[in-house]
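So you can see what is in the structure, the chains are spelled out below.
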Amino acid sequence: MAGFTVWDYVIFAAMLLVSAVIGVYYAFVGEGQKTSKDFLMGGRSMSALPVALSLTASFMSAVTVLGTPAEIYRYGAVFCIFAITYALVVLCSAEIFLPVFYRLGITSTYEYLELRFNKYLRLCGTLLFIIQTTLYTGIVIYAPALALNQVTGFDLWGAVVATGVVCTFYCTLGGLKAVVWTDVFQVGIMVAGFSAVIIRAAVVQEGIGRIVNDSYYGGRLNFWDFDPNPLQRHTFWTIVIGGTFTWTGIYGVNQSQVQRYIACKSRFHAKMSLYVNLVGLWVILACAALCGLALYSIYKDCDPWTSKQVSAFDQLMPYLVLDILHDFPGVPGLFVASAYSGTLSTVSSSINALAAVTVEDLIRPYFRSLSEKKLSWISMGMSLFYGGVCIAMAALASLLGALLQAALSIFGMVGGPLLGLFALGILCSFANGIGAFVGLVSGFAISLWVGIGSQIYPPLPERTKPLPLSTIGCNISSGNLTATENPLTTVFSTPSAERPALADNWYSLSYLYFSTVGTLITVAVGIIISLLTGGLKQNTDRKFLLTKEDFLSNFSQSKPETVMLNWKPFTVAAEGTDNPAFSHIEMDVASNKNKGNGLHI
C-alpha cells in the first residue's frame, strides 16, 4: 500500500488552517466577545441554517466517518433504520424539550434542574456531564487517529496534538460563533470526503447498480429485521426504540446540542435548526451507508480483516481509500481531513459546552461579584483548560478500545438517567426533588450494572449476527498491521464455561437499550417516590412544564411568542420572560405599543 504524499498533508493542513482562521475572525472582527453570553451563546443571535449544520457536524464525529461504513460492511444495512430514529429524536427534542428551555432563556441545561428541583440535582447533572463528555472526547480524538495512523502511516500523536491545539485555539478565541461556523465548513469537508470515496468506488465497480447488486446477494441489504427480541444487537425495534432514547439523550438534553439551538435568535429559528439538521443527518447516514456497501462490493471476495491486511474494522475505510484513490494526489488527504473534521467539530462543541457548564453552574452561582467582562475571560480560560484536558484524555483513551460500542455505551450509561430526570421535570408537574434524586440514582445504578456487565461478558455472535466474509479471492501475504484489541475484554476475559446465567440474558441486552432502561427506571422510580413524598401538594410554576400552548403555538399564524421573548419587564432578571401578574393579552398589547403594526389580540 502506498503511503501518504506531500499533497495529502497539504490538504490536511489547509483544513486545520481554515478552521483556525475562522476562530481568529470571530475573535477580532465584529463586536468581539464582550460578555460571557456573547462567548458562550453567540449573543443569542444565530440563525437556523448554520446552527442546523453545526448540530449535524458535532455528533457526526470521525467515529461516524470510520465506524458506520465498517458497521454496515460487517452487519449489513439494518443500521439505516436510524433514519427513522433520527426523525423521532428531532421531533421529541423540538416539541418537548426545546420550548421549555428556550422560554427560560438558560445558558446551561442543568440550570433548569435547579429552577425545577433543587441545586443538588443541578450539581449532579453538571458533574455527570463533565465526566461523560471528557471521556467521550478522549475516545473521539484518539480512535480515528489510531486507525488512520495504522493504515496510512499518518503521524498518530502529531495528528492528535495538532487537532487538539487547533480546536482549543478557535474555541478559546471565537466562542460559540466560531464553533458553529467551523462546523459548517467541516460538514462540507465530511460530505466531500465521503463523496470522493463513493464516486471513485462507483467508477471502479462500473456503477452504483453493481454495488447494490453485490450487497443484495451478499445479504447486506437486511433492512427489515422485525425480531422483537431485545437481546439482538440491531433489529428494527432495537434501533427505533433504543436508538430514539439514546439519541434523545444527546439531542434533547445534552448541553453541547441544546446550547446551540438555544443560541438561535427566535424560537422559530431554534425549531427550524433542528428540523433542517434532520436532513443533514440523513445525508451523512446515506453517504456512510453507500460507503459501507461499496466496501463490501469491492472486498466481497477478499476481506482485508480476515486476511490480516487490517487489524480492526475501523481501519477498513482508510484501507479502501488508499486502495482505490492512491493515484489521485491529495484525495486520500481529503478523506483524512474529512475524518478529522468530524473529530474537530465534535471536540469543539464539547469544549464550548464544558466551558459553559463550568462557568454557569460552578462559577457564576458561587462568585456573584464577578463582572461580565471577567466572566467572559474566565470562559476563555475554561475553554483553554478543557482543550488541554481533552488532549490528556486522548492519551488515556489509548488504553480503551472498541470504537463505536465504547463511545455509545458511555453515552447510554449516563445519557439515559439524565434524560429521565429532565423528562420528569418537564412532563410530570408533581415530580419533586426527592423523587427526582432517588430516580436518578436508581436509573444510573441499573444502567451501570448492565453496561459494565456487557463490557465484561461481551454478547455472543448469535446476538450480534455478523454477516459472512470471504477470502476466496485473496493471494494472501502476511499482514503487517498491529492489532488494536479492546483491553477491557483481555483484562476480564473469562473462559466460556464460567459465563454466569445473567451474561446470556441481562448482559446481552442490545447496547441501544442501556439508555432506554436508564430513562424508564428513572421516570418510574421518580414518579413513585414523588407521590409517596407529597408531590401532589406542591404547586409547580407552569413555565417549567410543557404546556398545551407550547404545542399549539406551532400552528398559530401570528407568532406572539417571539415578541414575548424579547419583551422583558425589567432588565435585571436575565431569565424571567414571563410575568404571571400580567395576562398574556395585556403583555401582548404592552409589547406591541411601539411596533405600530396593530395588536395581536
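Residues numbered from 1 in each chain as written. Predicted model: local features only at pLDDT ≥ 70, side-chain atom pairs only at ≥ 80, totals over all residues. Heavy atoms only, no water.

Colleague: Tell me about the confidence of the model for the chain, and name the residues and values.
Modeller: Mean pLDDT over the chain stands at 82; residues scoring 70 or higher make up 85%. Between residues 478-495, whose pLDDT stays under 50, and residues either more than four places distant or in other chains, the model counts 28 contacts. Contacts of residues 557-601 to residues separated by more than four positions or lying in other chains number 41 contacts, the stretch itself having pLDDT below 50. (pLDDT = per-residue confidence, 0-100. Contact = heavy atoms within 4.5 Å.)

Colleague: So what's going on with the packing of aromatic side chains? Which residues, and what values?
Modeller: Per the counting criterion, the structure on display carries 27 aromatic pairs. Aromatic pair Tyr73 and Tyr296: ring centres 6.3 Å apart, planes at 55°, arrangement tilted. With Tyr73 in helix H4 (residues 62-75) and Tyr296 in helix H12 (residues 267-299), this residue pair connects regions lying 223 residues apart in the sequence. Here Tyr73 falls in the buried class, since its relative accessible area comes to 1%. Centre to centre, the rings of Trp247 and Tyr251 are 6.4 Å apart; their planes meet at 35°, and the pair counts as tilted. (Phe/Tyr/Trp six-rings, centres within 6.5 Å; stacked < 30°, edge-to-face > 60°. Helix = DSSP H or I, 4+ residues; strand = E, 2+ residues; numbered from the N terminus. Buried < 20%, exposed > 50% of the residue type's maximum accessible area, 1.4 Å probe, protein only.)

Colleague: Can you tell me about the packing of helix H8 (residues 156-204) against helix H13 (residues 316-325), naming the residues and giving the values?
Modeller: One way to put it is that H8 packs onto H13 with a least axis distance of 10 Å and a crossing angle of 55°. Judged by the inter-axis angle, H8 sits oblique to H13. Crossing of H8 over H13 shows left-handed handedness. Facing H8, whose interface residues are Phe194, Ala196, Val197, Arg200, Ala201 and Val204, H13 presents Met317, Leu320, Val321, Ile324 and Leu325. For the contact of H8 with H13, a count of residues per class yields 10 nonpolar, no polar and one charged. (Axes fitted to C-alpha atoms, helices over the stretch in contact; angles between N-to-C directions. Parallel < 35°, antiparallel > 145°, perpendicular 65-115°, else oblique. Left-handed = near helix turned anticlockwise from the far one by under 90°. Nonpolar A, V, L, I, M, F, W, Y, C, P; charged D, E, K, R; others polar.)

Colleague: Can you explain a nonpolar patch on the surface? Please cite residues and give values.
Modeller: Together, Val24, Tyr25, Phe28, Val29 and Phe169 make up a nonpolar patch on the protein surface, roughly 480 Å² of accessible area in all. The leading source of residues in the nonpolar patch is helix H1 (residues 6-28), at three residues. When you line up the elements, Phe169 lands in helix H8. On the accessibility criterion, Phe169 (36% relative accessible area) is partly exposed. (Patch = residues over 30% accessible without salt bridge, like charges linked within 9 Å, V, L, I, M, F, W, Y side chains within 5 Å. Areas by Shrake-Rupley, 256 points an atom, 1.4 Å probe, with all protein chains shown as cover. Salt bridge = Lys/Arg side-chain N within 4 Å of Asp/Glu carboxyl O.)

Colleague: Tell me about the packing of H4 against helix H14 (residues 331-363), and name the residues and values.
Modeller: For the pair H4 and H14, interaxial distance at closest approach is 5 Å and the crossing angle is 120°. The angle between H4 and H14 places the two elements in the oblique class. Along the contact surface, H4 presents Ala62, Val65 and Leu66, while H14 presents Phe335, Ser338, Ala339, Gly342 and Thr343.

Colleague: Please set out the state of the cysteines residue by residue, giving values where relevant.
Modeller: As enumerated under the stated definition, the model contains one disulfide in all. Each sulfur of the disulfide joining Cys302 and Cys474 lies 1.9 Å from the other. Disulfide Cys302-Cys474: torsion about the S-S bond near 110°, hence right-handed. You can see Cys302 sitting in the loop between H12 and H13 and its partner Cys474 sitting in the loop between helix H18 (461-464) and helix H19 (487-492), a full 172 residues away along the chain. (Disulfide = S-S within 2.5 Å.)

Colleague: Which residues make up the environment of Thr168, and what are the values?
Modeller: Summarising the element assignment, Thr168 is placed in helix H8. For Thr168, a relative accessible area of 7% puts it in the buried group. Sequence spacing of Thr168 and Ser348 is 180 residues, and the spatial spacing of their C-alpha atoms is 7.2 Å. Filtering out sequence-adjacent residues up to four positions away, Thr168 remains in contact with Ile351, Ser383, Leu384 and Gly387. Within the structure, the side chain of Thr168 is placed 2.6 Å from the backbone oxygen of Gly164, a separation counted as a polar contact. (Polar contact = N/O pair within 3.5 Å; in protein donor to acceptor, adjacent residues only side chain to side chain.)

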